[in-house]
Amino acid sequence: MGAELLPDRAAAAEPPAPLILGLQPAALIDHVAHVDWSLLDRVPGERGGSTPVAIEELESIVREVKTHILSSPNELSPVKSMAGGSVANTIRGLSAGFGISSGIVGAYGDDDQGQSFVSNMSFHGVSLSKMRSKKGTTGQCVCLVDACGNRTMRPCLSNAVKLQADELTSAHFRGSKWLVIRYAIFNLEVIQAAISIAKQEGLLVSLDLASFEMVRNFRSPLLELLQSGNIDLCFANEDEAAELLRGEEKVGPEAALEFLGQYCKWAVVTLSSNGCIAKHGKETVRVPAVGEVKAADATGAGDLFASGFLYGLAKGLSLEECCKAGSCSGGSVIRALGGEVTPENWQWMYKQMQIKGLPLPNMRN
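Here we summarise the structure given alongside this text. Just so it is clear, the structure is predicted and the values come from calculations on it, not from any experiment.

How each quantity is defined
- Residues numbered from 1 in each chain as written.
- Predicted model: local features only at pLDDT ≥ 70, side-chain atom pairs only at ≥ 80, totals over all residues.
- Heavy atoms only, no water.
- Helix = DSSP H or I, 4+ residues; strand = E, 2+ residues; numbered from the N terminus.
- Rg over C-alpha atoms; globule rule 2.2 N^0.38 Å.
- Buried < 20%, exposed > 50% of the residue type's maximum accessible area, 1.4 Å probe, protein only.
- Areas by Shrake-Rupley, 256 points an atom, 1.4 Å probe, with all protein chains shown as cover.
- Contact = heavy atoms within 4.5 Å.
- Phe/Tyr/Trp six-rings, centres within 6.5 Å; stacked < 30°, edge-to-face > 60°.
- Pairing = 2+ DSSP bridges.

## Description of the overall build of the protein
Counting its regular elements, the protein contains 14 helices and 13 strands. Relative to a compact globule of 365 residues, whose C-alpha radius of gyration would be 21 Å, the protein shows 20 Å and is just as compact. Referenced to the eigenvectors of the C-alpha coordinate spread, the extents of the protein come out at roughly 75 × 50 × 40 Å. Counting across all 365 residues of the protein, residues that qualify as buried make up 54%. As displayed, the protein has an accessible area near 16,200 Å², and 51% of this comes from carbon and sulfur atoms.

Shown next as structure tokens:
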């Protein structure tokens, strides 16, 4: 009889599944710095976007940064390093700022960068029980921020360890409610596998369109994902929305919202300082941005908007309230450098939520 109870005891010892699970196949460390225009002019690729680079180029950019730093009395270090990646930013925000049970599935290298990723995410209460350590290097990304707060990103993932599609099992997703994904052509196989298994386990799937270059260069696979009917929620910014409808008769954010609404239960197009528009079924709303927020750094604005919006859905808020929560959290992260919200800026966000009559998070101790 006692032996028969062992499986139940083992199951009881398992940590509870996070409500919201993020797929980030490769852990990433962001190196964020304010730089001047002269450096941005010399960095290959379009300004304002995200273009992959080799490790040699990333290291060269980091060296250049040290001679092109914009001094700021509020910054302790010219380069700020933290766990990064769109999904990590969203998941960390859900846990740290909204008290939502959140976790990540993916892999990190057995190097200092990998340990930094684990330490940073664990500190903010993110479950890493579904992440695995692998022999090798952890991904890195340089985020260059200009004087206006606009960011140009150069990720290096070519040699980074990552979770493979055949390593995913139903156990990764069982018990969770949402799967959060960022579109990336180099992760397409693992994304497709994750969506397939997640759907079998009854999860809802949220997709971020990543960058205008990713949409422009790999539009066909993206359309296949959207048209599969497996994407429940989609986030796009203005530039991504424009690329999504490039060559179509009807263009613009509103047309993109209608297009996404054909395939997704919820569709959101963020409009920077002009707020956002969102659609759920036949309902469409437009919500302004929060107050007069001067962007110190736009890094993570869309990621943290997603945190607030998903918090709203988890709490059963209306479409308009979900957008308002997203605007508050998106507004909080741009007040400082990097995609991680500071404690002071979480307090700023809670105040904005109170002003808008939104329910405040029930924070875990």
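Structure's up, so let's keep going.
## Here's the deal with the environment of P25
Mapped onto the secondary structure, P25 falls in strand β1 (residues 20-26). P25 gets classed as buried once you look at its relative accessible area, which sits at 5%. Spatially, the C-alpha atom of P25 lies 9.0 Å from that of M131, the residues being 106 residues apart in sequence. Filtering out sequence-adjacent residues up to four positions away, P25 remains in contact with V105, G106, A107, V161, K162, L163, N187 and V190.

## Observations regarding the packing of aromatic side chains
On inspection of all chains with the given rule, the structure shows 7 aromatic pairs. Judged by centre distance (5.8 Å) and plane angle (50°), the rings of W178 and W266 are tilted. With W178 in strand β8 (residues 178-182) and W266 in strand β11 (residues 266-270), the pair connects residues that are 88 residues apart, well separated along the chain. We note that W178, like W266, is buried. On the numbers, 6.2 Å between centres and 80° between planes, the contact of F235 with F305 is edge-to-face. With F235 in strand β10 (residues 233-237) and F305 in helix α12 (residues 301-314), the pair connects residues that are 70 residues apart, well separated along the chain. Here the aromatic residues F98, Y311 and W346 are joined through ring pairs into a cluster of three or more.

## What to know about the pairing of β1
The buried fraction of β1 is high, at 7 of 7 residues. Both β1 and strand β4 (residues 102-109) contribute to a ladder of 6 bridges, which runs parallel. Among the inter-strand pairings, I20 is bridged to a residue of β4, identified as S102. As judged from the 3 bridges shared by β1 and β8, these two strands associate in the parallel manner. What sits directly across from I20, in β8, is W178.

## A few points about the pairing of strand β12 (residues 276-280)
For β12, the buried fraction is high: 4 of the 5 residues fall into the buried class. Pairing of β11 with β12 involves 5 bridges; the strand directions are antiparallel. Looking at β12, one finds that W266 is bridged to H280. In sequence, β11 turns back onto β12 through a hairpin of 5 residues, with S272 there showing a positive phi of about 55°.

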